[in-house]
Amino acid sequence: MSRKPLFQFDPTIHAGHLITALTIVGCAVTSWFAVQARITALEANDSRHELRMTQIETLATTERERTERKLDDLVRQQSEAVDKLRDDMQGWFMALSDKLDRKADKR
């Protein structure tokens, strides 16, 4: 009786396994490089976006400061106008009071 080996070497099967393994490794490497390329592109987009946001923030800050200065000037002008009107009215009432006092003295 001859003994049959437990496993027989079949080059076709082993070649198939080798081709399958190489295909899987090739796909994994290709996928890894594709993901790395996407990450690099996203980082570049993020850098451009950050730069743009910085420019927008700078512009917004400048515009806000300019608007605040205008508003402060308007508030100051209004305050001066109110003070002038108050002084004028006070003068008018004093003049009216003097006028009424003179009329009262005449009677």
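See the structure printed just above.
Since we're looking at a predicted model, the values are computed, not measured.

Calculation rules
- Residues numbered from 1 in each chain as written.
- Predicted model: local features only at pLDDT ≥ 70, side-chain atom pairs only at ≥ 80, totals over all residues.
- Heavy atoms only, no water.
- Helix = DSSP H or I, 4+ residues; strand = E, 2+ residues; numbered from the N terminus.
- Buried < 20%, exposed > 50% of the residue type's maximum accessible area, 1.4 Å probe, protein only.
- Areas by Shrake-Rupley, 256 points an atom, 1.4 Å probe, with all protein chains shown as cover.
- Salt bridge = Lys/Arg side-chain N within 4 Å of Asp/Glu carboxyl O.
- Phe/Tyr/Trp six-rings, centres within 6.5 Å; stacked < 30°, edge-to-face > 60°.
- Patch = residues over 30% accessible without salt bridge, like charges linked within 9 Å, V, L, I, M, F, W, Y side chains within 5 Å.
- Lys, Arg positive; Asp, Glu negative; His and termini not counted.
- Charge placed at Lys NZ, Arg CZ, Asp CG, Glu CD.

(A) Expanded view of the overall build of the protein. Broken down by element type, the protein carries one helix and zero strands. Here the protein holds 107 residues, and 0% of them are scored as buried. Accessible surface, the protein: about 10,400 Å² in total, of which carbon and sulfur atoms supply 63%.

(B) Seen up close, the pattern of salt bridges. One pass over the full model with this rule turns up seven salt bridges. Two residues, Arg-76 and Asp-73, come together in a salt bridge whose shortest N-O distance is 3.7 Å. Note that Arg-76 and Asp-73 are positioned in helix α1 (residues 11–106) at a spacing of three residues, about one turn of the helix. For Arg-76, a relative accessible area of 40% translates into the label partly exposed. A single network of salt bridges, built from pairs that share partners, joins Asp-73, Arg-76 and Glu-80.

(C) Quick peek at the packing of aromatic side chains. Scanning the model with the defined rule gives one aromatic pair in all. Note on Trp-32 and Phe-33: the rings are 5.1 Å apart at their centroids and 75 degrees apart in plane angle, and the pair reads as edge-to-face.

(D) A look at a negative patch on the surface. A cluster of acidic residues, Glu-43, Asp-46, Glu-50 and Glu-57, forms a negative patch on the protein surface. Counting through the fold element by element, Glu-50 comes out in helix α1.

(E) Region of interest: a nonpolar patch on the surface. Among the surface-exposed residues, Leu-85, Met-89, Trp-92, Phe-93, Leu-96 and Leu-100 lie close enough to one another that they form a single nonpolar patch of about 640 Å² accessible area. Secondary-structure assignment places Phe-93 in helix α1. Owing to a relative accessible area of 53%, Phe-93 belongs among the exposed residues under this scheme.

(F) The arrangement of a positive patch on the surface in detail. Judged by side-chain charge, Lys-99, Arg-102, Lys-103, Lys-106 and Arg-107 come together as a positively charged surface patch. If you trace the backbone, Arg-102 turns up in helix α1.

Such coordinate-based values are descriptive only and should not be taken to indicate function.
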